[in-house]
Amino acid sequence: MFEKRPNIPVFNPDWMQDLTFQTTDEPFEVLQAASAYRNDPKQWIDIDSLGLEEPLEAYLDRDPNPIPSLQDREGYYDQDRHFDWWLSGLEDFLKVQHCLKSYGQPLLGKGSRMLELGCASGRMLRHAYCQGQGCEAWGCDIKLRHVEWIRHFLPTGIKAFQNTVLPQLPVEDNYFDVVTAYSVFTHIDHMELAWIAELRRLLKPGGLALLTIHGDHCWSQLGPDKPVYNAIMQMRKRLVGWKDFSPEIFQNPMPQDKTVFTWSTARNYNCNVFHSTEYIQKAWGRFLDVVEIIPGGHSGYQDLVVLRKPEGKNPAGGQE
Ligand SMILES: C[S@@+](CC[C@H](N)C(=O)[O-])C[C@H]1O[C@@H](n2cnc3c(N)ncnc32)[C@H](O)[C@@H]1O
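Residues numbered from 1 in each chain as written. Predicted model: local features only at pLDDT ≥ 70, side-chain atom pairs only at ≥ 80, totals over all residues.

Asker: Is there a simple way to explain the overall build of the protein chain in this structure?
Answerer: Across its full length, the protein chain holds 8 helices and 11 strands. Relative to a compact globule of 320 residues, whose C-alpha radius of gyration would be 20 Å, the protein chain shows 19 Å and is just as compact. In terms of its C-alpha atoms, the protein chain occupies a principal-axis envelope of roughly 55 × 50 × 50 Å. Counting only residues that meet the buried cut, the protein chain has 39% of its 320 residues in that class. When contacts within the protein chain are restricted to residue pairs at least 6 apart in sequence, those whose partners lie at least 24 apart make up 67%. (Helix = DSSP H or I, 4+ residues; strand = E, 2+ residues; numbered from the N terminus. Rg over C-alpha atoms; globule rule 2.2 N^0.38 Å. Buried ≥ 20, exposed ≤ 12 C-beta atoms within 10 Å, placed from the backbone. Contact = placed C-beta atoms within 7 Å.)

Asker: Explain the site of the ligand to me, please; I cannot follow it from the model alone.
Answerer: Taken together, the neighbourhood of the ligand is formed by 20 residues, with Gly 118, Ala 120, Arg 123, Tyr 182 and Ser 183 sitting nearest. In the shell around the ligand, the residues fall into 11 nonpolar, 5 polar and 4 charged. (Near = placed C-beta within 6 Å. Nonpolar A, V, L, I, M, F, W, Y, C, P; charged D, E, K, R; others polar.)

Asker: I keep staring at the pairing of strand S6 (residues 176–181) and nothing clicks. Help me out?
Answerer: Each regular strand displays side chains that alternate between the two surfaces of the sheet. Extensive coverage of S6 is indicated by the burial of 6 of its 6 residues. Note: strand S3 (residues 113–117) against S6, 3 bridges, orientation parallel. The residue of S6 that forms the bridge with Leu 115 is Val 179. Taken together, the 5 bridges between S6 and strand S7 (residues 203–213) define a ladder with parallel strand orientation. Pairing of Thr 180 across the sheet is with Leu 210, part of S7. Crossover connection from S6 via helix H5 (residues 192–202) to parallel S7: handedness right-handed. (Pairing = 2+ DSSP bridges. Right-handed = clockwise from strand over helix to strand, strands pointing away.)

Asker: I'm lost on the environment of Lys 110 in this one. Help?
Answerer: Relative to the elements of secondary structure, Lys 110 occurs in the loop between helix H2 (82–102) and S3. The class of Lys 110 is exposed, set by 11 C-beta atoms lying within 10 Å.

Asker: Looking at this structure, I do not really get unusual backbone geometry. What am I missing?
Answerer: For residues that are not glycine, phi is negative in most cases, and the peptide bond is trans in most cases. The backbone of Glu 74 shows a phi angle near 60°, a positive value even though the residue is not glycine. Note on Glu 74: 18 C-beta atoms within 10 Å, which makes it partly exposed. At Asn 174, a residue that is not glycine, the phi angle is positive and equals roughly 55°. Relative to the helices and strands, Asn 174 resides in the loop between strand S5 (159–162) and S6.

Asker: What is the right way to look at the environment of Val 290 in this model?
Answerer: Secondary-structure assignment places Val 290 in strand S10 (residues 289–298). Counting along the chain gives 15 residues from Val 290 to Val 305, while the straight-line C-alpha distance between them is 7.4 Å. Excluding its chain neighbours within four sequence positions, the residues that come into contact with Val 290 are Ile 280, Gln 281, Trp 284, Gly 285, Val 305 and Leu 307.

Asker: Help me understand the sheet that holds strand S11 (residues 302–308) in this model?
Answerer: Hydrogen bonds along the backbone pair up the strands of a sheet, which may run parallel or antiparallel. The strand order S5-S4-S3-S6-S7-S11-S10 describes an open sheet built from 7 strands, whose pairing is mixed. In this open sheet, the two edge strands, each paired with only one partner strand, are S5 and S10. Along the sheet, successive strands turn relative to each other by an average axial angle of 15°, direction set aside. In the packing of helix H4 (residues 144–153) onto the sheet, the strands contacted are strand S4 (136–141) and S5, and the crossing angle to S5 comes to about 160°. Sheet strands touched by H5: S3, S6 and S7. Its angle to S7, the strand with the most contacts, is close to 145°. (Axes fitted to C-alpha atoms, helices over the stretch in contact; angles between N-to-C directions.)

Asker: I'm lost on H4 in this one. Help?
Answerer: Residues lying three or four places apart along an α-helix face the same way, a consequence of the helix completing one turn every 3.6 residues. Judged by how many residues are buried, H4 sits mostly within the fold: 7 of 10 residues are covered. Within the sequence span of H4, burial applies to Arg 145, His 146, Val 147, Glu 148, Trp 149, Ile 150 and Phe 153. Where H4 is buried, its residues touch strand S1 (30–33), strand S2 (66–68), S4 and S5.

Asker: Looking at this structure, how should I read the environment of Glu 54?
Answerer: The residue Glu 54 is located in the loop between S1 and helix H1 (56–62) in this model. Considered as a pair, Glu 54 and Glu 3 are 51 residues apart in the sequence and their alpha carbons are 30 Å apart.

Asker: Any chance you could explain the nonpolar core here in plain terms?
Answerer: Ranked by size, the top nonpolar core spans 63 residues in total, and within it Met 114, Ala 128, Val 178, Val 179, Ala 209 and Leu 210 carry the most contacts. Among residues more than four places away in sequence, those in contact with Leu 210 are Val 96, Cys 99, Val 178, Thr 180, Leu 304 and Val 306. In terms of nonpolar packing, the next biggest core, distinct from the first, is built from 6 residues, Trp 219, Leu 222, Met 254 and Phe 274 among them. (Core = buried A, V, L, I, M, F, W, Y, C linked by C-beta atoms within 7 Å.)

And the structure:
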């Protein structure tokens, strides 16, 4: 069985309480390594579609670390789908590699540095470290419990820290080759552009940011089979600024270039953000070059936005 690593110091002064999500005292439930769930009764992810370059066993052998329980993985995949949870992280990691390859960048591996903003308990980050052997893998999240999970149960080489909602991370300029944020800008409303500027600061010139959004593609497909649709519908009576909310809006184009549904009483995220392609080009494009927006590039319904930090002496980004 996996033991929790003891005595990990946490820098967590009182003022951070207002700017982060705090941890709970509930003990961690730790599951086995992914290989133990190979024959989960429910498996929806098609292994053949992942384009593995080696037998699956090789990927499993490189990651003998435990899997978090459902409550410590943002509700991703249900109790019967631990293996799918692990595969979904592998899938996203392989997509990062694919993007790097297609843009002529070195793959995540020895000598490269990546950061995952909003890494939760390491669904993708663990693969960056274990599969991208030698990759310097950093992850941060506003929820301390996630960071603690990584510190306790994943290899100590992974650099995980808690950040606050303020867009400032304790890392030097021009440090990372790649920065990712999966399903994170879908929940950030305030200070979104300051976060984009912060990611730009952290990237090396020429480095890539891979960020997912609820984009036009997602908006056009919203319906009861999509968790984000159900989350909004559940909170429909509490949506801030949507007095006349009607689900009919989903049958029309996105009403604003950045459309935000915020609610006031949820314990967890309290907003879902939608961005139009035009908004991404105009707003994010001021800070980073928008290289590509891949519709459905993450989980089939979020778009994957590929951005690059401009190179040169004064990489201003944007257009004159
Ligand atoms: C929907 S989950 C996605 C988790 C992970 N990226 C994945 O794909 O499995 C969103 C995560 O982003 C974190 N988050 C939200 N806003 C954040 C912020 N401003 N800075 C860091 N993490 C944030 C949440 O705590 C949560 O763990």
